[in-house]
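Chain by chain, the residues run as shown.
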Amino acid sequence: NHMAARTSKIVHFVRHGQAMHNPRAEAARAEDLMREDDAPDAELTPLGRGQAEEVRARIAGTAAFVGIDLVCASTLSRALETADLIFPPEAAPEIPRVPLDDLREISGLLTNAKRRSRTELEAKFQGGGWQFSALATEHDELWTPEELEPHAQVAERGYRALKWIWQRRERNVLVVAHGGIYHFLFKSPGHPCVTADPVTSARFHNCEFKSCRIEVSSEDPLVFTIEALAAQEELGRRALRQQLLGFVAPTPKVLQTATLHALVVGALVFDGVVGILASRRPAGPPSVSSLPRFSPLALSSSFRTAGCSSCGSCLGG
């Protein structure tokens, strides 16, 4: 039992790349088009494969990529192929690659949500290292042609997948699944035992990659808190800028930054005007020391010396 030793894990949630049933429906956000373009176990389009390869190129060599020690994916072909393109099996053949039926898209009605048999998947992804023997059944026993799976049941499947991941010893996990299951798991009301921040719960676009920290606040039952690392990093950057610039906390941060930049830019503009005027006079430009203490040019000089810790762009730094 590894749960007691776990304080947090990093999980990279990815939606599969564009698949055959996505192009029109994704652009129009229309379910009727998805029905019209339905395809059995819809595979990736050329664009979808390119999206996955672009994600790989963007994260290759980063700490997130190098540290991955477990790959999980839905048992639908578009998710498995996306995982293989983002994190190829030959990149780290020793890392477990586990297909999970619980990560599948909302099931029923549409054939793009019906998985292939275990034997078919083993043949299709032969040599990829996927542990299809872990699948409980040979055939898809979840999908039915009459109706869609209840939303609460989809969220429960996603919750079971999170519990399975948490109980593993690996700490840095790549998960490739679907927009629907992410929506029903993360988006309010979601699952009662899962709380996700706005970045994580926002709609996943095709092949969108969100790195998140998962923590548990209770173990009976397991209650998860999920926060995107991008959101945490932005909060950290804001706090650091505030500390470096010495801003007073009650003052609105946006106003403070805008005021500082406006002052610096205004000083530089004044500086340039003075330079132009001075170039037309035989006496030469005035020195900073000869200017009043609070003149814009003097302020500009002091900012160049002290440096603008907010972004540096206005001073070329």
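That block above? That's the structure.
For clarity, every value in this text was computed on a predicted model and none was experimentally measured. Per chain, residue numbering runs from 1 following the sequence as it is written. Given that this is a predicted model, residues contribute local features only at a pLDDT of at least 70 and side-chain atom pairs are listed and counted only at 80 or more, while totals for whole chains, interfaces and linings are drawn from all residues. By convention in this description, side-chain values take in all heavy atoms of the structure and omit both hydrogens and water.

Observations concerning the overall build of the protein chain
To be explicit about the condition: Labels follow the DSSP assignment, with helices taken as runs of H or I lasting at least four residues and strands as runs of E lasting at least two, numbered in each case from the N terminus. Each residue's exposure class comes from its accessible area (1.4 Å probe, protein chains only) as a fraction of the maximum for that residue type: buried when under 20%, exposed when over 50%, partly exposed otherwise. Whether two residues are in contact is decided by their heavy atoms: any pair within 4.5 Å suffices. Every accessible area reported is derived by Shrake-Rupley at a probe size of 1.4 Å, with residue values counting cover from the shown protein chains alone.
Counting its regular elements, the protein chain contains 12 helices and 7 strands. By residue count, 45% of the 317 residues in the protein chain fall in the buried class. Contacts spanning at least 24 positions in sequence make up 74% of the contacts within the protein chain whose residues lie at least 6 apart. When the accessible surface of the protein chain is split by element, carbon and sulfur atoms take 57% of a total near 16300 Å².

Considering the side chain of Asp140
The line we're drawing: Any pair of N or O atoms that falls within 3.5 Å is considered a polar contact. Within protein, one atom must be able to donate a hydrogen and the other to accept it, and sequence-neighbouring residues count only if both atoms are side-chain atoms.
Inspection of the secondary structure puts Asp140 in the loop between α6 (118–124) and α7 (151–167). For Asp140, a relative accessible area of 14% gives the class buried. Only 2.6 Å separates the side chain of Asp140 from the side chain of Arg104, close enough to count as a polar contact.

Some remarks on the nonpolar core
Selection rule: Residues belong to a common nonpolar core when they are buried Ala, Val, Leu, Ile, Met, Phe, Trp, Tyr or Cys residues joined through side-chain atoms within 4.5 Å.
Of all hydrophobic cores here, the largest spans 33 residues; its most connected members are Phe13, Val175, Phe186 and Ile226. It is α7 that provides the largest number of residues to this core, a total of 7 residues. Excluding its chain neighbours within four sequence positions, the residues that come into contact with Val175 are Val11, His12, Phe13, Val14, Cys72, Leu103, Ile165 and Tyr182. The next biggest cluster of nonpolar side chains, apart from the first, holds 24 residues, and it includes Ala52, Ile86, Ala92 and Leu174.

Examining the layout of surface pockets
Selection rule: Residues are called lining when one of their atoms sits within 4 Å of a cavity or pocket point, these points coming from a 1 Å grid over the protein atoms alone, where a cavity is a set in which a 1.4 Å probe fits but cannot get out and a pocket is an open set with protein on both sides within 12 Å along at least five of seven lines. Grid points are joined across faces, edges and corners, and a volume is the space filled by probe spheres set on the points. By the convention adopted, Pro, Cys, Tyr, Trp, Phe, Met, Ile, Leu, Val and Ala count as nonpolar, Lys, Arg, Asp and Glu as charged, and the other residues, Gly among them, as polar.
The volume enclosed by the largest pocket comes to roughly 770 Å³. Together, 30 residues line the largest pocket, and Glu31, Met34, Glu105, Gly179 and Gly180 are the ones closest to its centre. With 5 residues, the single largest contributor to the lining of the largest pocket is helix α8 (residues 179–186). Across the lining of the largest pocket, the residue classes tally to 11 nonpolar, 10 polar and 9 charged. Reported here for the second largest pocket is a volume of approximately 170 Å³. Forming the walls of the second largest pocket are 14 residues, and the residues nearest its centre are Asp101, Asp102, Arg104, Leu142 and Arg157.

As for helix α3 (residues 46–59)
At 3.6 residues per turn, the α-helix brings residues three or four places apart onto the same side. Where we set the bar: Any helix carries an expected span of 1.5 Å times its number of residues minus one. The directions considered for the arc are those from the helix axis to the C-beta atoms.
Over its 14 residues, α3 runs 20 Å from end to end, which matches the ideal 20 Å to within 8%, given 1.5 Å per residue. Of all the residues in α3, the buried ones are Gly48, Gln51, Ala52, Val55 and Ile59. For α3, the angular spread of the buried residues around the axis is 95°, confining them to a single face. Opposite its buried face, α3 presents the exposed residues Pro46, Glu54 and Ala57, each directed more than 90 degrees away.

Observations regarding the pairing of strand β3 (residues 97–100)
Convention followed: Pairing between strands is defined by DSSP: at least two bridges between them are needed. Seen with the strands pointing away from the viewer, any crossover whose path from the first strand over the helix to the second strand runs clockwise is right-handed.
The alternating pattern of β3 places Arg97 and Pro99 on one face and Val98 and Leu100 on the opposite face, and all of these are buried. The pairing of strand β2 (residues 70–74) with β3 spans 4 bridges and is parallel. Counterpart to Ala73 in the pairing with β3 is Pro99. Tracing the backbone out of β2, into helix α5 (residues 77–86) and back to the parallel element β3 gives a crossover that is right-handed.

What to know about the packing of α7 against α8
Test applied: Here an axis means a line fitted to C-alpha atoms, over the contact stretch when the element is a helix, while the angle between two N-to-C directions is reported on a 0 to 180 degree scale. For classification purposes, angles smaller than 35 degrees are called roughly parallel, those larger than 145 roughly antiparallel, those between 65 and 115 roughly perpendicular, and all remaining angles oblique.
Where α7 contacts α8, the two axes come as close as 8 Å, and the packing angle between them is 90°. When the axes of α7 and α8 are compared, the pair comes out roughly perpendicular. Each of His151, Val154, Ala155, Arg157, Gly158, Tyr159 and Leu162 in α7 lies in contact with α8, whose residues at this interface are Ile181, Phe184 and Leu185. Considered class by class, the residues forming the contact of α7 with α8 number 7 nonpolar, 2 polar and 1 charged.

Focus: empty space enclosed by the protein
Scanning the entire structure with this criterion turns up 2 cavities of 30 Å³ or more. By volume, the largest cavity amounts to about 50 Å³. Phe13, Leu103, Gly158, Ala161, Leu162, Ile165, Val175, Ile181, Tyr182, Leu185 and Phe186 are the residues that line the largest cavity. Listing elements by their share of the lining of the largest cavity, those giving two or more residues are α7 and α8. Its residues assigned to classes, the lining of the largest cavity shows 10 nonpolar, 1 polar and no charged. In this model, the second largest cavity occupies a volume close to 30 Å³. As for the second largest cavity, its lining consists of Lys9, Val11, Leu162, Ile165, Trp166, Ile214 and Phe224. Broken down by secondary-structure element, the contributors of at least two residues to the lining of the second largest cavity are β1 (8–15) and α7. When residues in the lining of the second largest cavity are grouped by element, the largest group, 3 residues, is from α7. Looking at the lining of the second largest cavity, its residues break down into 6 nonpolar, no polar and 1 charged.

Some words on the side chain of His191
Checked against the element boundaries, His191 lands in the loop between α8 and β5 (194–196). Exposure remark for His191: the relative accessible area of 6% places this residue in the buried category. A polar atom in the side chain of His191 sits 2.8 Å from the side chain of Glu156. Reaching out from His191, the side chain makes a polar contact with the backbone nitrogen of Cys193 at a distance of 3.0 Å. Those residues in contact with His191, other than ones at most four positions away along the chain, are Ala155, Glu156, Tyr159, Phe184 and Leu185.

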